Amino acid sequence: MPHPRNAMEIYQFLDKSNCRECGEKTCLAFAGAVFMGQRKISDCPKLTQNIIKKFSDNEITNTIEQNRDATLQTLKDEISAIDLAKAADRIGARFSGKKLTLKVLGKDFSVDTNGRLSTDIHVNPWVAVPFLNHILYGKGIPLSGNWVPFRELNGGQERYPLFQKRCEEGIKRVADIYTDLFDDMVHLFNGRQVEKQFESDIAVVLKPLPLVPIMVCYWLPEDGLESSLNIFFDETADQNLDIGTIFTLGAGLAQMFGKLAQRHGYPLNDMP
Ligand code: SF4
């Protein structure tokens, strides 16, 4: 089947009963989440195996890549229509010379009143989309200091299986073979090693956005048990960024760390 071009092309195959068994409020919301790669089509129990087979993970992943550029353009247009100085005030960003600036992984990342992005780091959509979404819709709620797993955020439960596969397992695969990963998180991405949390062996806090920090906890293998890795968020994260964009952020970090390991000569055949 050709890649779906929009959520309606997925919606047409759904039962349209809005029964909520998938955890979404409506079939249309479910179709949107599948289109964005945040849910699997098989999460709807009403579909036949034939329809599930029509959609593979790869097809949806490619669609997300194509869709990201369009999403980015829409967000830039929305930015050019708002009062950027007010938005800066709401989320605690700097505003000067018609530019709003925030630190992304410790580096300045800016957007001007025409929606133009500028930064010290490479602009890629997985950073730019959360950055713009946070400016447009983030409530600016101060950090609580309480760390919670993705599934405890609003809307995170249903998306957690895919978050675990794309983000946590992806970063764990990198950490298992690329032993400098946590050093790189600290030195290249302005992370901060913190006291071991939840009895982990390593815990590093990164700030992809100042109000949406993440904590990566890694447990080394021991006594025949595999290593494991979990990502935690401040419990206010879902008020400063919507859950779909938090997912994008996690998936983007996993990809970025995978590419970093590859550049250092560690082959990761099964990239997230
Ligand atoms: S489980 Fe399927 S039919 Fe029910 S709301 Fe979700 S998508 Fe619609």
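This structure is a prediction, so every number in the text was calculated from the model and none was measured. Counting restarts for each chain: residues are numbered from 1 in the order of the written sequence. Only residues with pLDDT of 70 or above have their local features reported here, since the model is predicted, and side-chain atom pairs are shown and tallied only from 80 upward, although totals for entire chains, interfaces and linings are computed over all residues. Only hydrogens and water are set aside; all other atoms, that is, all heavy atoms of the structure, feed into the side-chain values.

(A) Representation of the sheet that holds strand 3 (residues 107-112). Between any two strands, at least two bridges found by DSSP are needed for them to pair. Runs of E in the DSSP output that reach at least two residues are strands. Runs of H or I that reach at least four are helices, and both are numbered from the N terminus. Ordered by their spatial adjacency, four strands build an open sheet running 1-2-3-4, and the pairing between neighbours is antiparallel. Bordering the open sheet on either side are strand 1 (94-96) and strand 4 (117-119), each of which pairs with just one other strand. Sheet twist, expressed as the mean angle between neighbouring strand axes with direction ignored, is 25°. In this structure, strand 1 lies alongside strand 2 (residues 99-104), joined through three bridges in antiparallel fashion. Looking across to strand 2, one finds that serine 96 is bridged to lysine 99. For helices, the axis comes from a line fit to the C-alpha atoms of the stretch in contact; other axes are also lines fit to C-alpha atoms, and the angle between any two N-to-C directions lies between 0 and 180 degrees.

(B) Looking closely at helix 5 (residues 84-91). Taken together, the buried positions of helix 5 are Leu84, Ala87, Ala88 and Ile91. Angular distribution of buried residues about the axis of helix 5 spans 100°; they occupy a single face of the element. Along helix 5, exposed side chains directed more than 90 degrees from the buried face belong to Lys86 and Asp89. One side-chain oxygen of the residue at the start of helix 5 lies 3.2 Å from the amide nitrogen of alanine 85, identifying that residue as aspartate 83. Positive backbone phi, approximately 75°, marks glycine 92, located one or two places after helix 5. Here the term buried applies to any residue with accessible area under 20% of the maximum for its type, exposed to any over 50%, and partly exposed to those in between, with areas from a 1.4 Å probe on protein chains only. This arc corresponds to the set of directions leading from the helix axis out to the C-beta atoms. Polar contacts, as counted here, are pairs of nitrogen or oxygen atoms within 3.5 Å of one another; within protein the pair requires one atom able to donate a hydrogen and one able to accept it, and residues that are adjacent in sequence qualify only if both atoms are side-chain atoms.

(C) A look at the sheet that holds strand 6 (residues 192-193). Pairing is antiparallel across the open sheet formed by five strands, whose spatial order is 5-9-8-7-6. The two strands at the open ends of the sheet, each matched to only one other strand, are strand 5 (147-149) and strand 6. Pairing between strand 7 (residues 202-209) and strand 8 (residues 212-219): six bridges, direction antiparallel. Across the sheet, residue leucine 209 finds its bridge partner in strand 8, namely valine 212. On the sheet, helix 7 (residues 156-177) packs against strand 8 and strand 9 (228-234) and is oriented at approximately 120° with respect to strand 9. Contact between two residues is taken to exist if any of their heavy atoms lie within 4.5 Å; hydrogens are not considered.

(D) Structural view of the pairing of strand 9. Burial of strand 9 is extensive: five of the seven residues sit out of reach of the surface. Inspection of the sheet shows strand 5 paired to strand 9 by three bridges, in the antiparallel sense. Residue tryptophan 147 lies in a different strand from strand 9, and its bridge partner there is aspartate 234. The pairing of strand 8 with strand 9 spans six bridges and is classified as antiparallel. Across the sheet, residue tryptophan 219 finds its bridge partner in strand 9, namely serine 228.

(E) Focus on unusual backbone geometry. Of note in the backbone geometry, lysine 16 takes a positive phi value of approximately 65° without being a glycine. The phi dihedral of asparagine 190 falls on the positive side, at around 55°, and the residue is not glycine. Examined against the element boundaries, asparagine 190 turns out to sit in the loop between helix 8 (181-187) and strand 6. Asparagine 190 sits in the partly exposed class, given a relative accessible area of 43%.

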